[in-house]
Amino acid sequence: MFKIIGPFSKKNTSLMKVALDTLAALLKSKTNARRAVDRGYVQVLLTIYVDWHRHDSRHRYMLIRKGVLQCIKSVTNIKLGRKAFIDANGMKILYNTSQECLAVRTLDPLVNTSSLIMRKCFPKNRLPLPTIKSAFHFQLPVIPASGPVAQLYNLPPDVDDVVDESDDNDDAETESEVETENDDDKDQHFKNDDIETDINKLKPSQELGRPMEELKMYEQFFPELSENFQECDLVSKEPKPLVPHANLSGPIVVPTAEEEHSAEANWSTKGVALKERNTLLTEECNRRPAFLELPRRDTIIDNSLHQQNDQRNLLSSCQCLSQEIVRDLDRISLQNTAKNDQCYGIGSVIKKETKTSLTTLACGTPCKHVSPCRSSLFEGSSVQLGKLCCTGVDSEEEEDSRSNSSGEKVMLEVSDVSPVHDCDLYIEMVKTTKSIPEYSEVAYPDYFGHIPPPFKEPILERPYGVQRTKISQDIERLIYQNDIIDRVVYDLDNLSCPVPEEADVLKFNSKFESGNLRKVIQIRKNEYDLILNSDINSNHYHQWFYFEVSGMKTGVGYRFNIINCEKSNSQFNYGMQPLMYSVQEALKSRPFWTRVGMDICYYKNHFSRSSIAAGGQKGKSYYTITFTVTFQHKDDVCYFAYHYPYTYSTLKMHLQKLESMHNPQQIYFRQDVLCETLAGNSCPLVTITAMPESNYYEHICQFRNRPYIFLSARVHPGETNASWVMKGTLEYLMSNNPGAQCLRESYIFKIIPMLNPDGVINGNHRCSLSGEDLNRQWQNPNPDLHPTIYHAKGLLQYLAAIKRLPLVYCDYHGHSRKKNVFMYGCSIKETMWHTNVNSASCDLMEDPGYRALPKILSQTAPAFCMGSCSFVVEKSKESTARVVVWREIGVQRSYTMESTLCGCDQGKYKGLQIGTRELEEMGAKFCVGLLRLKKMASALEYNLPSNLLDIENELIESSCKVTSPTTYVLDEDEPRFLEEVDYSAESNDDQDIELADNAGDYEAANPEDQLSDSDSTRVLLS
């Protein structure tokens, strides 16, 4: 066959095409491939390809050129073939020829196949780290007997856990290929083995798991069940006396808010447009994000935080930003070394009475009466704000900001001003937050606060060929190594790593709460490789990032490559953008996290994952998130994040503000400490309901007999959107909305707003300090390793023991691969419908009430999508909160509510990326859904309209072609992003060319490529 193939000739082209196809098939045999390498065919094939490439100037013989590439591709399936390809300078040859083909769209199949070969032959690189374990260490009180954490602790210190030793045994490679081929076969005859088929295991069986004597410890968290309110000043009195013999004994628990704050209860928690400007300015300090109101270094110590707030009410209507204040704030350390009482307020946002547009006020007068950051707050500890940009504010830009913020862009119909952000209080909360690295800096976005931008942010359209372009640039690193700078500019593993002093080199930082960035390497002048830190006590879970960048220039595109991601796909491939926060923009009264970045894609790279990091699997690679950003301001300080950050200190601040703002005569608000985490941080437990109408018997009984709603969030630290949804829920429940009051009168809410404080604080993506996914510990939580889960489950077990099962349990999460907001629930019947055991479920009777709440939300919440919901119970999820609360506790309506990290593809927000406004709205809409659920739950609770719970017609009957319908993307959602190649050496390549031609960059293939080989031959070679 090889003798038939030769250099360019217009004769016998049909015969040559057939010979090439046959040879490519024969070379898939390892024996034949090795024989071809021994005879030097790789060099000859490259020479032939170059010859055809040069002479086929009119591209009439593309299929012959493609056939030669197919032969090279088959030979390079074995290690010897890849080595021969590198030795023959194949990388440079295919790179140059493919670059020459880029201008002609019909030659895309050649470019894609060339890229496929080069990526496969690209030598696997070691991730430039000393160890893949976290840069931070925390010694566990108890070491698990087995599992990944035990393996981590038992690993000998001299073992290289970053990369596996090179394996030259081709037999292992062949086994991998066969295994992959078998897996592909299984895909075609799909059977989801993860779905639970044992009905006995599916049937909920209430098991307390702990003796009642032990569960009594949780009685202290339910004082509302024994409260008699005899000493409370309630809203109204009823003529009916208290029954003397009623069982109303118990401690009297009254919310601890001060009387002077009760007037604040009339504030709307979403912000209210006030008529008088002066009134707004005097109250706004407690309602709006504070835009960097810091003292000079010589401020006087005040006696208390309340004195500060009293003085802040004297804030004048004019606030300023000057060059002087910017210089004074550069690297200011917030310590008690102050002498003077003068400070400056920088910018203010005014909510107009009839519009949601923003108006910026600025003047040059310092405010002498305000001291928003008194040094008395910092006694015993010091907190340092990150470096402030030092260029000040350009007056022309200030004018532009006024015009832009006053309505040029489309406004959304939600109030912008947050009533619960207080920069001073945030610093106070930071002081009591305990981190493993012992952070002393505060990130400006967390200090300033965030308000949603007053414009829409559409899902980014993916440019044609962006992934291919990025991969070509990666290949250039190997071909033109002299052009690579390869300079480390930031390194948590090397504390003595010098900070770059050059003006054209970016500076990085992640040493603040929730920050995650381990190492930065400058590759080219404006290109940087970024490496994320593993979760503490783990060697993987790299996805969440949050870091600071400074020292930039304007008009320059900076490329950032995060090179050690692990998930096989991401919404970055479907229009999601990372988030950026500009300090200079915040100083101009625009404290927005905004979606930024162009040329974004997520793809498998050439950095090798060790089997230790990949759960024992060999040959795995990391993935790269790449994006390019052009900064608006020179020498700005900007922050980048995977999603809108929401720190543990932010939560504590919000809870304290909500407590201080509520009306204790109307709202029963209680904040307890459920337990302490491994690092010694408190896990808040919030109780919200309505105060009884009076302290008479009937009203006390109604108060105590309200059904419970149990909510939790943020078990996975990287899913920050869950906290924003929870914020919307909390603010709605504490608002004066009539619906909220009705909801409080109907239910008692028990809320754990952050199940994993330690993970959030230390910048983890998925785990707690135990190195384990807490949402896989609900079956058997360890009180020493998983205290928040152990006690959260204990609360639910206590409610089950006293026959007060929650009506609804919902755990808020975020989803990285799907759009919209949706729910996962539990259903025996629907689980059986997704298997081949249909006969067993035909006569199964099941209450369809579990579908009511998701259906209601699909009708009321614009971001919610019923079509993405699933009620399947899987074996791999049997230890999650949703399944355990359903199966063991017996809560029928037990849900996980997943919010997209990207955006929506249906409804009101179709085509838009999701923001904090929409997430908070979802939290509020969830409450509205509960109110509607209450109205349905009459004496005939489950005699609901047939069209509401028409399961037979609305069930997701698509045959899922993935392992887990609640984790991956279902058929009705967008398909998984198809890689151009599985370019680790183990892949079977039968289908690679179809992927490369038709879906490699998610772009439309040339119609010619859709023809069969024989048809194409007739078209091109006739």
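So, how was this worked out
- Residues numbered from 1 in each chain as written.
- Predicted model: local features only at pLDDT ≥ 70, side-chain atom pairs only at ≥ 80, totals over all residues.
- Heavy atoms only, no water.
- Pairing = 2+ DSSP bridges.
- Helix = DSSP H or I, 4+ residues; strand = E, 2+ residues; numbered from the N terminus.
- Axes fitted to C-alpha atoms, helices over the stretch in contact; angles between N-to-C directions.
- Contact = heavy atoms within 4.5 Å.
- Parallel < 35°, antiparallel > 145°, perpendicular 65-115°, else oblique.
- Left-handed = near helix turned anticlockwise from the far one by under 90°.
- Nonpolar A, V, L, I, M, F, W, Y, C, P; charged D, E, K, R; others polar.
- pLDDT = per-residue confidence, 0-100.
- Patch = residues over 30% accessible without salt bridge, like charges linked within 9 Å, V, L, I, M, F, W, Y side chains within 5 Å.
- Areas by Shrake-Rupley, 256 points an atom, 1.4 Å probe, with all protein chains shown as cover.
- Salt bridge = Lys/Arg side-chain N within 4 Å of Asp/Glu carboxyl O.
- Buried < 20%, exposed > 50% of the residue type's maximum accessible area, 1.4 Å probe, protein only.
- Core = buried A, V, L, I, M, F, W, Y, C linked by side-chain atoms within 4.5 Å.

Chemist: Is there a simple way to explain the sheet that holds strand β23 (residues 893-900) in this structure?
Modeler: Backbone-to-backbone hydrogen bonds pair the strands of a sheet. The strands run either parallel or antiparallel. Strand order in the open sheet formed by 7 strands is β17-β18-β20-β19-β21-β23-β22, with mixed pairing between adjacent strands. Each having just a single partner strand, β17 (667-676) and β22 (821-824) make up the two edges of the open sheet. Between one strand axis and the next, the sheet turns by 20° as a mean value, whatever way the strands run. Where strand β19 (residues 708-713) and strand β20 (residues 748-752) come together, 5 bridges link them in parallel fashion. From the neighbouring strand, L711 faces β20, where its bridge partner is I751. Together, β17, β18 (682-690), β19, β20 and β21 (808-815) form the strand contacts of helix α25 (residues 787-801), whose direction differs from that of β17 by roughly 130°. Contacting β19, β20, β21, β22 and β23, helix α30 (residues 916-936) crosses the sheet at an angle of about 155° to β21.

Chemist: Looking at this structure, how should I read the packing of helix α7 (residues 108-121) against helix α18 (residues 466-479)?
Modeler: Geometry of a packed helix pair, given as the angle between the helix axes and the separation of the axes. Between α7 and α18, whose axes approach to 11 Å, the crossing angle comes to 45°. Comparing their axes, α18 and α7 come out oblique. When you trace α7 past α18, the crossing you get is left-handed. Facing α7, whose interface residues are D108, V111, N112, S115, M118 and R119, α18 presents Q467, R468, I471 and I475. When its residues are assigned to classes, the contact of α7 with α18 shows 4 nonpolar, 3 polar and 3 charged.

Chemist: How should the confidence of the model for the protein be read in this particular structure?
Modeler: Residues shown with low pLDDT carry predicted positions that ought not to be read at fine detail. Looking at the protein as a whole, the pLDDT averages 76, with 69% of positions reaching at least 70. Note on residues 237-381: pLDDT is under 50 here. Beyond four places in sequence and across chains, it has 363 contacts. A low-confidence stretch, residues 955-963 stays under pLDDT 50, and its non-local contacts, those more than four residues away or across chains, total 27 contacts.

Chemist: Looking at this structure, I do not really get the sheet that holds strand β13 (residues 593-595). What am I missing?
Modeler: Pairing in this open sheet of 5 strands is antiparallel, and the strands run β7-β10-β16-β12-β13 from one edge to the other. Either end of the sheet is taken by a strand with one partner, and the two such strands are β7 (507-509) and β13. Taken pair by pair, the neighbouring strands of this sheet meet at an average axis angle of 30°, ignoring direction. Pairing between strand β12 (residues 579-582) and β13: 3 bridges, direction antiparallel. By the bridge assignment, L579 is partnered in β13 with R595.

Chemist: What exactly am I supposed to notice about a nonpolar patch on the surface here?
Modeler: Residues M1, I4, L15 and L26 make up a contiguous nonpolar surface patch of roughly 350 Å² in combined accessible area. Using a relative accessible area of 47% as the deciding quantity, one classes L15 as partly exposed.

Chemist: What exactly am I supposed to notice about the pattern of salt bridges here?
Modeler: Any two side chains of opposite charge can pair, so long as their charged atoms come close to each other. Tallied over the full model, the rule gives 27 salt bridges. Between D56 and R65 there is a salt bridge; the shortest N-O distance is 3.0 Å. Here the two residues D56 and R65 agree in accessibility, since each one is buried. Here E566 and R609 are joined by a salt bridge, their closest N and O atoms 3.7 Å apart. Of this pair, E566 sits in the loop between β11 (557-565) and β12 while R609 sits in the loop between β14 (598-608) and β15 (621-630), placing them 43 residues apart in sequence. Exposure class is identical for E566 and R609. Each is buried. One salt-bridge network, held together by shared partners, links D474, E476, R477, R524, E527, D529 and R559.

Chemist: What is the right way to read unusual backbone geometry from this model?
Modeler: One can expect most non-glycine residues to show negative phi and most peptide bonds to be in trans. You will see that H59, though not glycine, has its phi angle at about 60°, which is positive. Residue classification places H59 among the partly exposed residues on the basis of a relative accessible area of 27%. Phi at N89 is positive, roughly 60°, even though this residue is not glycine. With respect to the helices and strands, the residue N89 is situated in the loop between α5 (79-87) and α6 (90-101). Here N89 falls in the partly exposed class, since its relative accessible area comes to 42%.

Chemist: Explain the pairing of β20 to me, please; I cannot follow it from the model alone.
Modeler: Residues in a regular strand point their side chains to alternate faces of the sheet. Extensive coverage of β20 is indicated by the burial of 5 of its 5 residues. Burial along β20 is two-sided: the face carrying I748, K750 and I752 and the face carrying F749 and I751 are both buried. As paired strands, β18 and β20 are joined by 3 bridges and run antiparallel to one another. From the neighbouring strand, T687 faces β20, where its bridge partner is K750.

Chemist: Would you explain the packing of helix α28 (residues 852-860) against α30 in this entry?
Modeler: Remark: α28 packs on α30, axes separated minimally by 9 Å, with the N-to-C direction vectors making an angle of 125°. The orientation of α28 with respect to α30, classified from their angle, is oblique. α30 is crossed by α28, and the crossing has right-handed handedness. Listed contacts from α30 to A852, L853, I856, L857, Q859 and T860 of α28 are M922, K925, F926, G929, L930, R932, L933 and M936.

Chemist: Looking at this structure, how should I read the nonpolar core?
Modeler: Nonpolar side chains in soluble globular proteins generally cluster together in the buried interior. With 134 residues, the main nonpolar core has F508, F560, F640 and F926 as its most contacted residues. Per-element tally for this core: the top contributor is α30, with 8 residues. With residues near it in sequence (within four places) discarded, F640 still touches F545, Y546, F547, V549, F560, L579, M580, W593, V596, F627, V629 and F631. Ranked by size, the runner-up nonpolar core spans 48 residues in total, among them I5, A33, Y61 and M91.

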